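Observations on the three-dimensional arrangement
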Amino acid sequence: MTPPVGSYVVDIRTGQVGRLMGEAGARLLLRPIGGGREWECEPEAVRPATAAERISATTAYVNARSRGEVT
């Protein structure tokens, strides 16, 4: 079962947390926390992100932004 669009999920291939933006054929489109380039993933390779994973990914993005590593 595919999570609803807008859900936070984990790409189990890489461990990266992303927001589900939609579908492209049989693949899912995920966008990193804080925005950026979308990537594609097979539906079988995602699972819902836990609250702790969402917080951790958001904190990592905010810290990187404060260091000037991302815009």
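Rules of the game
- Residues numbered from 1 in each chain as written.
- Predicted model: local features only at pLDDT ≥ 70, side-chain atom pairs only at ≥ 80, totals over all residues.
- Heavy atoms only, no water.
- Helix = DSSP H or I, 4+ residues; strand = E, 2+ residues; numbered from the N terminus.
- Contact = heavy atoms within 4.5 Å.
- Pairing = 2+ DSSP bridges.
- Axes fitted to C-alpha atoms, helices over the stretch in contact; angles between N-to-C directions.

A closer look at the side chain of Ser 7
Checked against the element boundaries, Ser 7 lands in the segment before β1 (8-11). Sequence-distant contacts of Ser 7, that is, excluding residues within four places in its chain, are made with Gly 18, Arg 19 and Leu 20.

Comments concerning the sheet that holds strand β5 (residues 46-48)
Judged by pairing direction, the sheet is antiparallel, and its five strands sit side by side in the order β4-β3-β2-β1-β5 without closing on themselves. A strand with exactly one partner marks an edge of an open sheet, and here the two such strands are β4 (39-41) and β5. Direction aside, neighbouring strands of the sheet carry axes that sit 50° apart on average. Sheet topology note: the β1/strand β2 (residues 16-24) ladder contains four bridges and is antiparallel. Residue pairing for β2: Asp 11 is matched across the bridge by Gln 16.

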